[in-house]
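These are the residues of each chain, in order.
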Amino acid sequence: MSTKPKTSDRGTIAALRGGNLVRAALDQVNDGGLESLTMRRLAERLGTHLPTIYRLYADKDALLDDMAESILASALASRDPDATEWSARARRLATGLRSALLAQRDGARIVGGNYAAKRNNLSFVDTLVGCMRDARLPGETALWSASTVFCFVLGEALEQQGAGGDEVGVLLDAVSMGGFHHLSASPVQHLFDFDARFDFGLELILGGVRRYTA
């Protein structure tokens, strides 16, 4: 039996190219979480046949790679090419990545599981490495520093997107049970002030780069 697409299928495939299928997949995750995304549900959402989806993506992992590319495209849009100071550009990239991850449900999980050597992925990391090279870090150290920033942003976004319910109350109750001397002496509820802890952590990393280069 021939597997050549029918004329009507070709039109459907053409319509799904250009990001339409990826956008639908991201919308599906926004509606039901990453676990809700299946190729069959995506076909139903788009009103097309399952084989049509598989003609564009061999499997779900390949689709997730392009979903990550879409999120990273939004992060790249935050670049400030006019900023001359390396730390200002690195800070802008990091905050732009965080915003892009948090704007998409399970965005950190989608991007964090993406290791495809695709354009937006490589462009984002390349730009971040360039910031570290402008800070006068040598090649390997610049690469590791960029990776540290990238992984920090991913980890913080993953923590924030995983939080839910009365986690502050649960944490305070657990600490009050005793045996956690350092936590009980700290404003432990501030662990859930995600904006403040992100700003602190990012400045800690950038400050470390400055001291390293000094």
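Here is what the cut-offs are and how they apply
Residues numbered from 1 in each chain as written. Predicted model: local features only at pLDDT ≥ 70, side-chain atom pairs only at ≥ 80, totals over all residues. Heavy atoms only, no water. Domains from an automatic or database assignment. Contact = heavy atoms within 4.5 Å. Buried area = accessible area lost by both parts, 1.4 Å probe. Salt bridge = Lys/Arg side-chain N within 4 Å of Asp/Glu carboxyl O. Polar contact = N/O pair within 3.5 Å; in protein donor to acceptor, adjacent residues only side chain to side chain. Nonpolar A, V, L, I, M, F, W, Y, C, P; charged D, E, K, R; others polar. Helix = DSSP H or I, 4+ residues; strand = E, 2+ residues; numbered from the N terminus. UniProt positions renumbered as here; feature names shortened; annotations may be inferred. Phe/Tyr/Trp six-rings, centres within 6.5 Å; stacked < 30°, edge-to-face > 60°. Buried < 20%, exposed > 50% of the residue type's maximum accessible area, 1.4 Å probe, protein only. Lys NZ or Arg CZ within 6 Å of the ring centre and 35° of its normal.

### Notes on the domain arrangement of the chain
Examined at the domain level, the chain breaks down into domain 1 (1-57) and domain 2 (81-212). Taken over C-alpha atoms, the centre of domain 1 sits 33 Å from the centre of domain 2. Contacts between domain 1 and domain 2 engage nine residues on the former and five residues on the latter. Taken over both partners, the interface formed by domain 1 and domain 2 buries close to 610 Å², and the fraction arising from carbon and sulfur atoms is 45%. For the interface between domain 1 and domain 2, the tally reads one salt bridge. In this structure, E35 engages R109 in a salt bridge whose closest nitrogen and oxygen atoms are separated by 2.7 Å. For the interface between domain 1 and domain 2, the tally reads six residue pairs in polar contact (both at pLDDT 80 or more). Here the side of domain 1 that touches domain 2 is composed, by residue class, of three nonpolar, three polar and three charged.

### What to know about the pattern of salt bridges
Summed over all chains, the structure comprises ten salt bridges. Here D134 and R89 are joined by a salt bridge, their closest N and O atoms 2.6 Å apart. Within this pair, whereas D134 is found in helix α8 (residues 119-134), its partner R89 is found in helix α6 (residues 86-103), the two being separated by 45 residues in sequence. Between D106 and R109 there is a salt bridge; the shortest N-O distance is 3.8 Å.

### Some thoughts on the UniProt feature "DNA-binding region" (unreviewed entry) in the chain
As annotated in UniProt, the feature "DNA-binding region" (unreviewed entry) corresponds to residues 38-57 in the numbering used here. Annotated as 75% helix and 0% strand, the span residues 38-57 places its first and last C-alpha atoms 12 Å apart.

### Section: the packing of aromatic side chains
The final tally for this structure, using the stated rule, is three aromatic pairs. Here the aromatic rings of F124 and F150 are separated by 5.7 Å at their centres, their planes lie at 65°, and the arrangement is edge-to-face. Pair noted here: F124 is in helix α8 and F150 is in helix α9 (residues 139-162), with a separation of 26 residues, a long-range link. Neither residue differs from the other here; F124 and F150 are each classed as buried. When the ring centre of F198 is taken as reference, the NZ or CZ atom of R98 above it lies at 4.7 Å.

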